[in-house]
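This is what each chain is made of:
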Amino acid sequence: FGLQHWVYDVAFADGSRVVVRIGMPDAIRRFEGALYWYRTLAPLGVPLPRLLDGSPTSARFGFPYMVMERLDGTDLGNVYDQLTPEQTRSLAAEVVARQVTVGSLPLARGYGYAFDYEDAGLVPSWIDVLEANLARSEDRGTGLGALCRSVRAKVRAQTALLTSVEPRAFLHDITTKNLIVSDGTVSGLVDVDTMAFGDDLYAAARSEEH
């Protein structure tokens, strides 16, 4: 059970395996986004598990679902402390290469996180995204008010720089739980439900956070 969905590792009698991901009926929009970005990114060579079946609507089974290839390996967070320095550098280079690939997608009409290019949730500026993230941190954290106010002041002091950021695509959720590693190499990426548009340095900041 993840943050949003139920995910099952299914083993068949012949030894083959698949991953089945299901959600509540109100998760239709998120599954639409997952299917949209899987079909957008796979032709670019982004290492996603093969999509075997899936539907964002609940008409067939009563809930949205996806059936995907089971990637070899495990979450990066489970094996990071077992990797050699050479392997960690290789993984970092692979992540950067994939971000460069995704950055070649068309610019969006706004900033933030989107299920597709027509997503109405995109906002007018990158600063709006940062302000919203700070507000969320204030709501979730205890005693973070002073720190968030300090960071907000630094953000506003860099208005000229931050308003120059283009709404360029980047993978915001390549974290230790979504990068699958096998024998010290990237096996693939999972949970690409939304695409971020803005400053791809934010992805590195999230990786440090995790």
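Structure's up top.
Residues numbered from 1 in each chain as written. Predicted model: local features only at pLDDT ≥ 70, side-chain atom pairs only at ≥ 80, totals over all residues. Heavy atoms only, no water.

Trainee: Describe in detail the pairing of strand E10 (residues 195-198), supporting the description with residues and values.
Mentor: Here E10 shows a buried face lined by Met195 and Phe197 and a second buried face lined by Ala196 and Gly198. With three bridges connecting them, strand E6 (residues 112-114) and E10 associate as antiparallel partners. By the bridge assignment, Tyr113 is partnered in E10 with Ala196. In the sheet, strand E7 (residues 168-170) pairs with E10 via three bridges, with the strands oriented antiparallel. Looking at the pairing, Arg168 lines up with Gly198 of E10. (Buried < 20%, exposed > 50% of the residue type's maximum accessible area, 1.4 Å probe, protein only. Helix = DSSP H or I, 4+ residues; strand = E, 2+ residues; numbered from the N terminus. Pairing = 2+ DSSP bridges.)

Trainee: Before we move on, could you go through a nonpolar patch on the surface and cite the residues and values that matter?
Mentor: A contiguous nonpolar surface patch, about 220 Å² in accessible area, is contributed by Leu144, Leu147 and Val151. Note on placement: Leu147 falls in helix H5 (residues 145-157). Classification of Leu147 by relative accessible area gives exposed; the value is 53%. (Patch = residues over 30% accessible without salt bridge, like charges linked within 9 Å, V, L, I, M, F, W, Y side chains within 5 Å. Areas by Shrake-Rupley, 256 points an atom, 1.4 Å probe, with all protein chains shown as cover. Salt bridge = Lys/Arg side-chain N within 4 Å of Asp/Glu carboxyl O.)

Trainee: Describe helix H3 (residues 85-102), and please don't skip the residues or the numbers.
Mentor: Look at H3: 26 Å from first C-alpha to last across 18 residues, which is about the 26 Å you get at 1.5 Å a residue. Buried residues of H3: Leu91, Gln99 and Val102, and no others. Angularly, the buried residues of H3 cover 75° about the axis, an arc narrow enough to put them on a single face. Opposite the buried face of H3, by more than 90 degrees, sit the exposed residues Glu86, Arg89, Val96 and Val100. (Expected span 1.5 Å × (residues − 1). Arc of directions from axis to C-beta.)

Trainee: Run through the sheet that holds E6, naming residues and quoting values.
Mentor: Where strands meet in a sheet, backbone hydrogen bonds hold them as pairs that are either parallel or antiparallel. Overall, antiparallel pairing links the three strands, which are arranged E6-E10-E7 in an open sheet. Whereas interior strands pair on both sides, the edge strands pair on one side only; in this sheet they are E6 and E7. If you compare each strand with its neighbour and ignore which way they point, the axes differ by 40° on average. Sitting on the sheet, helix H4 (residues 126-140) touches E6, E7 and E10, and the angle it makes with E6 is about 95°. (Axes fitted to C-alpha atoms, helices over the stretch in contact; angles between N-to-C directions. Contact = heavy atoms within 4.5 Å.)

Trainee: I'd love a proper account of the nonpolar core, names of residues and values included.
Mentor: Counting residues in each nonpolar core, the largest one holds 32 residues, and the members touching the most others are Trp37, Leu41, Val102, Leu105, Leu171, Met195 and Phe197. For this core, the elements supplying multiple residues, two or more each, are helix H1 (28-41), strand E4 (65-69), helix H2 (76-79), H3, strand E8 (179-182), strand E9 (185-189) and E10. A total of six residues in this core trace back to one element, the largest contributor, which is H1. Sequence-distant contacts of Leu41, that is, excluding residues within four places in its chain, are made with Val46, Leu48, Val102, Leu105, Leu171, Val192 and Met195. Of all hydrophobic cores here, the second largest spans 14 residues; its members include Tyr111, Trp126, Ile127 and Val165. (Core = buried A, V, L, I, M, F, W, Y, C linked by side-chain atoms within 4.5 Å.)

Trainee: So what's going on with H4? Residues and values would help.
Mentor: The terminal C-alpha atoms of H4 lie 21 Å apart, and with 15 residues this matches the ideal 21 Å at 1.5 Å per residue to within 8%. Of the positions making up H4, those classed as buried are Trp126, Ile127, Val129, Leu130, Glu131, Asn133 and Leu134.

Trainee: Break down unusual backbone geometry for me, with residues and values.
Mentor: Glycine aside, negative phi is the norm for most residues, and most peptide bonds take the trans geometry. Of note in the backbone geometry, Asp183 takes a positive phi value of approximately 55° without being a glycine. As for its placement among the helices and strands, Asp183 is situated in the loop between E8 and E9. Residue class for Asp183 comes out exposed when judged on its relative accessible area of 74%. Positive phi outside glycine occurs at Asp191, with the angle close to 65°.

Trainee: Residues and numbers for the pattern of salt bridges, please.
Mentor: Inspection of the entire model under this criterion finds 16 salt bridges. Residues Arg152 and Glu131 are paired through a salt bridge, measuring 2.9 Å at the closest nitrogen-oxygen approach. Placement of Arg152 in helix H5 and of Glu131 in helix H4 is noted, with a sequence separation of 21 residues between them. Judged by relative accessible area, which is 13%, Arg152 ranks as buried.

Trainee: I'd like to hear about the packing of H4 against H5, residue by residue, with values.
Mentor: Helix-helix packing: each pair is described by the crossing angle between the helix axes and the interaxial distance. Look at H4 against H5: their axes get within 9 Å of each other, and the N-to-C directions meet at 175°. Relative to H5, the element H4 lies roughly antiparallel. Contact residues: H4 offers Ile127, Leu130, Glu131, Leu134, Ala135, Ser137 and Glu138, while H5 offers Gly145, Cys148, Arg149, Val151, Arg152, Val155 and Arg156. Class assignment of the residues belonging to the contact of H4 with H5 gives a composition of seven nonpolar, two polar and five charged. (Parallel < 35°, antiparallel > 145°, perpendicular 65-115°, else oblique. Nonpolar A, V, L, I, M, F, W, Y, C, P; charged D, E, K, R; others polar.)

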